[in-house]
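# Overview (structure and organization)
Take a look at the letters that make up each chain.
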Amino acid sequence: MGFFSFLGSVASAVVSGIKAVGGVLGAVGGWIVDKIFSLGDTPSYDSKTATVDQTQKVNELLEKCIQGYSKEAEEYDKLAQNIIKANFYTIEEKLSEINKASDKPIIDNFVFESFKSNTKNINKSLDKIYSKQISNTFSLNNNKLLNILKLDKGNKKNDKLRDLAVDTVTKANNTLLCELSDFTKEQQNFISEKLSEYMTNRKNTLITSKNETEKILASLKKD
């Protein structure tokens with residue numbers, strides 16, 4: 001398989017991943033709005049002056065909110081992992097095709113091992129990316145949430161809670177997209193260097209062979 005064909009295949013995989021990530025963001029609107037109204041209907045809450053009982057009640061609402069998001073968030077977590085796996089599988093498959101198309105392997109085994117190791121690391125770093133973002137956001141350790149909870153109940157509070165939830169999922173999306181794009185570009189650049197190195201070495205070998213052949217022919221002609 002040619003070098004440019006390989007890059008085209010990887011680029012297509014990245015584009016597919018980007019579209020899938022974008023699809024996640026487009027689908028979250030409904031289930032985000034449904035889960036925040038209980039928080040929006042709470043009286044003004046200030047963590048600095050609140051009683052233990054008030055704090056406990058707010059924490060219970062936050063836990064219900066997170067639980068309400070859990071099922072959908074877990075589905076998007078799985079989708080994110082599937083997107084990552086699909087992109088990385090495409091790259092690994094194309095690398096194997098390059099080696100099969102050559103009489104001598106161009107991509108060394110250590111490249112495949114390194115690639116697998118990096119894949120595991122990024123899978124680990126992006127594991128449960130949506131669930132974690134939601135849990136971190138709807139926590140009394142989050143100052144943005146605390147500022148919203150200080151507001152009196154009503155539409156303004158509901159709107160800000162909804163915006164906070166949407167921003168949370170958007171942040172998770174952007175993190176997933178950036179990590180996926182950066183990793184794939186790194187692999188492309190690395191593989192490009194390997195293929196360029198291979199082509200240069202092959203060219204030098206051909207030049208050396210040509211020079212040696214010319215010397216032999218010249219010697220035979222002289223004899």
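Structure: see above.
Below you will find a few notes about this structure. (Residues numbered from 1 in each chain as written. Predicted model: local features only at pLDDT ≥ 70, side-chain atom pairs only at ≥ 80, totals over all residues. Heavy atoms only, no water.)

## Things to note about the packing of helix 4 (residues 52–100) against helix 8 (residues 155–222)
Contact geometry for helix 4 and helix 8: axes closest at 12 Å, N-to-C directions at 10°. Between helix 4 and helix 8, the crossing angle belongs to the class labelled roughly parallel. Of helix 8, the residues touching helix 4 (which contributes Y69, A80, I83, I84, N87, F88, I91, L95 and I98) are A165, L176, L180, F183, T184, Q187, I191 and L195. Among the residues making up the contact of helix 4 with helix 8, the classes are represented as 14 nonpolar, three polar and no charged. (Axes fitted to C-alpha atoms, helices over the stretch in contact; angles between N-to-C directions. Helix = DSSP H or I, 4+ residues; strand = E, 2+ residues; numbered from the N terminus. Parallel < 35°, antiparallel > 145°, perpendicular 65-115°, else oblique. Contact = heavy atoms within 4.5 Å. Nonpolar A, V, L, I, M, F, W, Y, C, P; charged D, E, K, R; others polar.)

## Examining the nonpolar core
Membership of the largest hydrophobic core comes to 42 residues, with the highest contact counts inside it found for Y130 and F138. Contributing elements (two or more residues each) for this core: helix 4, helix 5 (109–125), helix 6 (129–137), helix 7 (143–149) and helix 8. With 13 residues, helix 4 is the single largest residue contributor to this core. (Core = buried A, V, L, I, M, F, W, Y, C linked by side-chain atoms within 4.5 Å. Buried < 20%, exposed > 50% of the residue type's maximum accessible area, 1.4 Å probe, protein only.)

## A closer look at helix 4
Along its 49 residues, helix 4 runs 67 Å from first to last C-alpha, staying within 8% of the 72 Å computed at 1.5 Å per residue. Of all the bends found along helix 4, the most pronounced is centred on S70 and spans about 45°. (Expected span 1.5 Å × (residues − 1). Bend = angle between axes of the 7 residues up to and from the residue.)

Honestly, it's all geometry; don't read function into it.
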